[in-house]
Amino acid sequence: NFATIIKAVANGRNVYRNIKNSIQFLLSGNMAGILCVLYTSIKALPLPFAPVHLLFINLLTDSLPAIAIGMEPADRDLLNQPPRDPKEGILSFPFAGKILFQGFLIGAATMWAWEMGYSQGGEAIASTMAFSTLTLARLFHGFNCRSRHSIFKIGLTSNIYSIGAFFGGVLLLALVIFVPVMRTLFSVSPLSGYQIGMIALLAFIPTVIIQLYKVMKEHVHA
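1. Some thoughts on the packing of aromatic side chains
Each pair of aromatic rings is reported with the distance of its centres and the angle of its planes.
Okay, so step 1: Inspection of the entire model under this criterion finds seven aromatic pairs.
Okay, so step 2: A ring pair is formed by Phe143 and Phe166, whose centres lie 5.5 Å apart and whose planes are at 55 degrees; its orientation type is tilted. With Phe143 in helix H5 (residues 123-144) and Phe166 in helix H7 (residues 160-178), this residue pair connects regions lying 23 residues apart in the sequence. The two residues Phe143 and Phe166 agree in class, both being buried.
Okay, so step 3: When the ring of Phe166 is compared with that of Phe167, the centres are 5.3 Å apart and the planes differ by 80 degrees; the resulting orientation is edge-to-face.
Okay, so step 4: A relative accessible area of 54% means that Phe167 is categorised as exposed.
Okay, so step 5: A cation sits over an aromatic face here: Lys20 above Phe95, 5.0 Å from the ring centre.
Okay, so step 6: Above the face of the Tyr16 ring, Arg84 is positioned so that its terminal group lies 3.9 Å from the ring centre.

2. Observations concerning empty space enclosed by the protein
Okay, so step 1: Applying the stated criterion to the full structure yields one cavity of 30 Å³ or more.
Okay, so step 2: In this structure, the largest cavity encloses a volume near 30 Å³.
Okay, so step 3: In this structure, the largest cavity is lined by Pro65, Leu139, Gly142, Phe143, Ser162 and Phe166.
Okay, so step 4: Here the lining of the largest cavity gets three residues from one element, more than from any other, and that element is H5.

3. Some points on the layout of surface pockets
Okay, so step 1: Estimates place the volume of the largest pocket at around 1,300 Å³.
Okay, so step 2: If you go around the largest pocket, you meet 33 residues; those closest to its centre are Lys20, Gln81, Lys98, Arg148 and Lys217.
Okay, so step 3: Looking at the lining of the largest pocket, the elements that each hand over two or more residues are helix H1 (3-42), helix H4 (93-121) and helix H9 (193-221).
Okay, so step 4: A per-element tally of the lining of the largest pocket places H1 first, with seven residues.
Okay, so step 5: Residues that form the lining of the largest pocket fall into these classes: ten nonpolar, ten polar and 13 charged.

4. A look at the nonpolar core
Okay, so step 1: Ranked by internal contacts, the top residues of the largest apolar core, which has 34 residues, are Met129, Phe131 and Leu136.
Okay, so step 2: Among the elements of the structure, H1, helix H2 (51-61), H4, H5, helix H6 (151-154), H7 and H9 are those that each provide at least two residues to this core.
Okay, so step 3: Considering every element that reaches this core, the biggest residue donor is H5, with eleven residues.
Okay, so step 4: Beyond its immediate sequence surroundings of up to four residues, Leu136 is in contact with Phe166, Val170, Leu173, Ile199, Ala200 and Ala203.

5. Quick look at a nonpolar patch on the surface
Okay, so step 1: Judged by side-chain polarity, Phe2, Ile5, Ile6, Val9 and Leu79 come together as a nonpolar surface patch covering roughly 520 Å² of accessible area.
Okay, so step 2: Among the secondary structure elements, Leu79 is positioned in the loop between helix H3 (63-70) and H4.
Okay, so step 3: The class for Leu79 is partly exposed, based on a relative accessible area of 41%.

6. A look at the side chain of Asp75
Okay, so step 1: Secondary-structure assignment places Asp75 in the loop between H3 and H4.
Okay, so step 2: Given the relative accessible area of 12%, Asp75 is considered buried.
Okay, so step 3: Here the side chain of Asp75 touches Ser147 through a polar contact of 3.2 Å, side chain to side chain.
Okay, so step 4: In contact with Asp75, not counting residues within four places along its chain, are Arg17, Ser147, His149 and Ile154.

7. Quick notes on H1
Okay, so step 1: In this model H1 runs 58 Å from its N-terminal to its C-terminal C-alpha over 40 residues, within 8% of the 58 Å that 1.5 Å per residue would give.
Okay, so step 2: Ala44, located one to two residues past H1, shows a positive phi value of around 55 degrees.

The rules we used
Residues numbered from 1 in each chain as written. Predicted model: local features only at pLDDT ≥ 70, side-chain atom pairs only at ≥ 80, totals over all residues. Heavy atoms only, no water. Phe/Tyr/Trp six-rings, centres within 6.5 Å; stacked < 30°, edge-to-face > 60°. Helix = DSSP H or I, 4+ residues; strand = E, 2+ residues; numbered from the N terminus. Buried < 20%, exposed > 50% of the residue type's maximum accessible area, 1.4 Å probe, protein only. Lys NZ or Arg CZ within 6 Å of the ring centre and 35° of its normal. 1 Å grid on protein atoms, 1.4 Å probe; cavity = no way out; pocket = protein on both sides within 12 Å on 5 of 7 lines; lining within 4 Å. Points joined across faces, edges and corners; volume = space filled by probe spheres on them. Nonpolar A, V, L, I, M, F, W, Y, C, P; charged D, E, K, R; others polar. Core = buried A, V, L, I, M, F, W, Y, C linked by side-chain atoms within 4.5 Å. Contact = heavy atoms within 4.5 Å. Patch = residues over 30% accessible without salt bridge, like charges linked within 9 Å, V, L, I, M, F, W, Y side chains within 5 Å. Areas by Shrake-Rupley, 256 points an atom, 1.4 Å probe, with all protein chains shown as cover. Salt bridge = Lys/Arg side-chain N within 4 Å of Asp/Glu carboxyl O. Polar contact = N/O pair within 3.5 Å; in protein donor to acceptor, adjacent residues only side chain to side chain. Expected span 1.5 Å × (residues − 1).

Take a look at the structure:
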C-alpha cells in the first residue's frame with residue numbers, strides 16, 4: 001500500500017525532529033550551567049552550584065521534559081519541509097548557535113539570581129537562588145524545545161506529557177525548597193517570598209524572549 005509510504009516518511013521525520021529537539025533541550029540547559037560556572041570562576045567568586053544541585057537537575061528535572069519532547073506529535077507542515085541533507089550532522093552550525101544563544105539566556109537569568117542572592121544573604125542564599133532559577137528555567141525551556149514554532153501556534157495542550165513533565169519538575173523543586181528535611185539533603189537555604197517571586201520571574205524571562213523571537217519569525221514568514 002503506497003499510502004503507508006507517506007505515513008512512514010512523516011513518522012521518520014517526526015522521530016528525527018523530536019530527537020534533535022531533545023538534544024537541543026539538554027545541551028542548551030547544560031550550556032547554561034557551564035556558563036554560570038565559567039562566570040563565577042572568571043570573577044573569582046564562589047561556585048554557584050553544589051554537586052548535589054547538578055545531580056538533582058540532570059537526573060530528575062531534566063529527564064522529564066526530555067522524555068516529553070520525544071512524545072511531541074508531528075506538526076501539520078512537517079511534510080511541506082524539504083528533505084534534509086543526509087550528509088549533514090545533527091550538530092550543524094545554526095543548531096549549535098541556537099543552543100549557545102538559549103544557554104546564554106538561561107545562564108544570564110541564573111547569574112542575575114545568584115548576584116541578587118549573594119547581595120542579600122551571602123553564598124548560601126546565592127547558591128539556592130541560582131539552583132532554583134536554573135531548575136525552573138530549564139523546566140520552562142522544555143516548552144521552547146517542543147517545536148520550531150511558537151507555543152501559540154502549536155498549542156500548549158497539544159502535548160499533555162510536556163505539561164505533566166513541567167508540573168512534576170515544579171513539584172520536585174518545591175519539595176526541595178520548602179520541606180526542611182529535603183533542604184538539608186540538597187544543601188539549600190530558606191528563601192523569603194520576595195526571593196521566590198524573583199526566582200519565578202527570572203526563570204520565565206528566557207522563555208518569554210525565545211517565544212517572542214519565534215512569534216516575530218512566524219509573522220515575517222506569514
